[in-house]
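Descriptive analysis of the structure
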Amino acid sequence: MPPKYKWFLHKAFVFIARFFLVLLLAWCVLIAILSWNYLDKLTSPRCPTKLSNHPEYTSLNFNRSDGTKISAWFLSPQNGAMIILVGGHGSSRDTMLPEAEFLSRYGYGIITFDSPACYGKKATFGYKETEDVLLAVTYARQQPGTQWIGVLGFSAGGTAAIRAVARDSDIRAIIAIGNYANLWSEMTSIPANPFSLVWQFEHMIALQYWLRTGALPGTVNPIGELPLISPRPVLLIHGEIEAERNRGKDQFRSAQAPKDYWVVPDADHGEYREKAGDEYERRILRFFAEARQP
């Protein structure tokens, strides 16, 4: 082959290689920007900041390690037992007041608090919110008349509650409602196909979550932390429609005795009380009453 043709083929090869490299980089940048915007919106939920007037509750603040003041409602226990109520994604301290109302009728003390989204902080789906639960527990055990502490968490609040109970032995019982099993499996789809736009988008979101929080999504792992709670009792509640998606049965198998599992018929995420009626209250009250038995 004449030298001039070799030179031409070499230049053509270099041009094509550079073209596809630029195209690949541009594609990666596009996926990164789209996923960043999506994650930014997902971690910035609207907080219902307009609170009702609740003179029966005391307003208080917890100081996070990052300096953020988290506001909470507090009600002293009449029966020696304090329940920490942990709302879901973007919740305010008013969100869990329906549960607070029926628990307080039976003498339970209450602490329920705002999510970090109410203060301009990014939500982390239960990871950093674990600190808020532990701060509430610290406050609870310092209060006169508090002899026993339980936790009830919904959705991402359920994840934070499980992680907190696994880290603090002063929490004597937990109800987790509608929480996911593992953040990595929650973020990613099956089957895995690296050439799929969905696969690339999801994995870029997981990477950016890690860069933002310092935690790999797979380490936010309620299903792996449930065994650490035993011998303290656990009640897992999922709606029938969401149970498979949340791997409810797998979570129940992972937990150690004493444990219970309730699937609310016909219910999806957040519809438990609507679908189950008074049975929702009875199950929660019975669980905490039995958990407090010597």
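The structure contained in this document is the topic of the report that follows. (Residues numbered from 1 in each chain as written. Predicted model: local features only at pLDDT ≥ 70, side-chain atom pairs only at ≥ 80, totals over all residues. Heavy atoms only, no water.)

Right, let's get into the packing of aromatic side chains. Tallying each qualifying case throughout the model produces twelve aromatic pairs. With 6.0 Å between their ring centres and 20 degrees between their planes, F125 and Y209 make a pair best called stacked. Linking F125 in the loop between β4 (109-113) and α3 (129-141) with Y209 in helix α6 (residues 197-213), this pair joins segments that are 84 residues apart in sequence. Summarising the burial analysis for this pair, F125 and Y209 share the class buried. (Phe/Tyr/Trp six-rings, centres within 6.5 Å; stacked < 30°, edge-to-face > 60°. Helix = DSSP H or I, 4+ residues; strand = E, 2+ residues; numbered from the N terminus. Buried < 20%, exposed > 50% of the residue type's maximum accessible area, 1.4 Å probe, protein only.)

Throughout this description, disulfide means a covalent bond between two cysteine sulfur atoms. In the structure shown here, the tally under the stated rule is one disulfide. Across a sulfur-sulfur distance of 1.8 Å, C47 and C118 are joined as a disulfide pair. Where C47 bonds to C118 through sulfur, the torsion about that S-S bond is close to 75 degrees, and the disulfide is right-handed. Taken together, the residues span a long stretch of sequence, with C47 in the loop between α1 (3-42) and β1 (58-63) and C118 in the loop between β4 and α3 at a distance of 71 residues. The pair C47 / C118 is uniform in exposure class, with both members buried. (Disulfide = S-S within 2.5 Å.)

So, on to the sheet that holds strand β2 (residues 69-75). Strand order in the open sheet formed by eight strands is β1-β2-β4-β3-β5-β6-β7-β8, with mixed pairing between adjacent strands. On the outer flanks of this sheet lie β1 and β8 (259-264), each paired with one strand and no other. Within the sheet, the average angular offset between the axes of one strand and its neighbour, ignoring direction, is 20 degrees. With six bridges connecting them, strand β7 (residues 234-239) and β8 associate as parallel partners. Within the sheet, the bridge partner assigned to L236 lies in β8 and is Y261. Relative to β4, α3 is tilted by about 150 degrees, and along the sheet it contacts β1, β2, β3 (81-86), β4, β5 (148-154) and β6 (171-177). (Pairing = 2+ DSSP bridges. Axes fitted to C-alpha atoms, helices over the stretch in contact; angles between N-to-C directions. Contact = heavy atoms within 4.5 Å.)

Moving on to helix α11 (residues 278-291). The end-to-end C-alpha distance of α11 is 20 Å, a good match for the 20 Å that 14 residues give at a rise of 1.5 Å each. Along α11, the positions that sit buried rather than exposed are Y280, E281, I284, L285, F287, F288 and A291. Down the axis of α11, the smallest arc covering the buried residues is 160 degrees, so these residues share one side. Exposed residues lying more than 90 degrees from the buried face of α11 are D278 and E290. (Expected span 1.5 Å × (residues − 1). Arc of directions from axis to C-beta.)

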